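Geometric and topological summary
Chain by chain, the residues run as shown.
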Amino acid sequence: MDVSNPVAPVPPAWDFQGLFGLEARIAAKGDFVFVTEEDLTAWDVSADPLDPTAWTAVGSLSGLVSSDLVVYGTTMAVTNLSNEVRLVDVAHPFSLEPLATLPGFPTPAAALTVDGGLAFHGSYAGLNVVDLSDPVAPALIGALATGDGHSVYVREGDLLYAGTSSALRILD
């Protein structure tokens, strides 16, 4: 979708339906789109970002099925159904490199937001806060049991807005 004029968004010229599977997760950074299905694939979209038939796959990393992914700087945080957060170096999309894996979350992630060197990892048990200041050694630094799964997070200042299937929670 072209949102260069936010008052009048333009629908895509190409129908993406069927290009990726139903479980695909997507993040973008500059001229690259990163897609996870069975693997993580980096696509160069510089030829025409609105026409996926013009995209070129330039790099991949196998075994990264995700429930959510976020690119921040030159690093990507990936949550998966194996109850872990993985960090990947995406500085050179032609050569994606795994950096670290933080295992041991009680349930799979449903949401992930990265802001200010922190990852807010939402699982079906609640919120986990991960320090990402050292991308080769992420650390779980906080958790809050909420009793329901979060599907989206938005951080604004000291507040974290957490959307669930039935409520909006505001965490301070």
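I will try to describe carefully the structure that is included in this document. (Residues numbered from 1 in each chain as written. Predicted model: local features only at pLDDT ≥ 70, side-chain atom pairs only at ≥ 80, totals over all residues. Heavy atoms only, no water.)

In terms of nonpolar packing, the biggest core is built from 15 residues, with Phe 34, Leu 40, Met 76, Val 88, Val 90 and Leu 96 touching the most fellow members. For this core, the secondary-structure elements that each account for two or more residues are strand 2 (32–36), strand 3 (39–44), strand 4 (56–62), strand 5 (68–72) and strand 6 (75–79). Each residue touching Val 88, except ones within four places of it in the same chain, is listed here: Leu 40, Leu 61, Leu 64, Thr 74, Thr 75, Met 76, Leu 96, Glu 97, Pro 98 and Leu 99. In this structure, Tyr 72, Ala 77, Leu 112 and Val 130 belong to the second largest nonpolar core, which totals twelve residues. (Core = buried A, V, L, I, M, F, W, Y, C linked by side-chain atoms within 4.5 Å. Buried < 20%, exposed > 50% of the residue type's maximum accessible area, 1.4 Å probe, protein only. Helix = DSSP H or I, 4+ residues; strand = E, 2+ residues; numbered from the N terminus. Contact = heavy atoms within 4.5 Å.)

Before going further, it helps to examine the pattern of salt bridges. For the coordinates displayed, the defined rule picks out one salt bridge. Glu 84 is paired through a salt bridge with Arg 86; the nearest N and O atoms lie 3.0 Å apart. By relative accessible area, Arg 86 is classed as partly exposed at 24%. (Salt bridge = Lys/Arg side-chain N within 4 Å of Asp/Glu carboxyl O.)

Read across the sheet, four strands follow the order 5-6-7-8 without closing on themselves; strand pairing throughout is antiparallel. A strand with exactly one partner marks an edge of an open sheet, and here the two such strands are strand 5 and strand 8 (97–102). The average undirected angle you get between the axes of adjacent strands in this sheet is 20 degrees. As paired elements, strand 5 and strand 6 share five bridges and run antiparallel to each other. Within the sheet, the bridge partner assigned to Leu 69 lies in strand 6 and is Val 78. (Pairing = 2+ DSSP bridges. Axes fitted to C-alpha atoms, helices over the stretch in contact; angles between N-to-C directions.)

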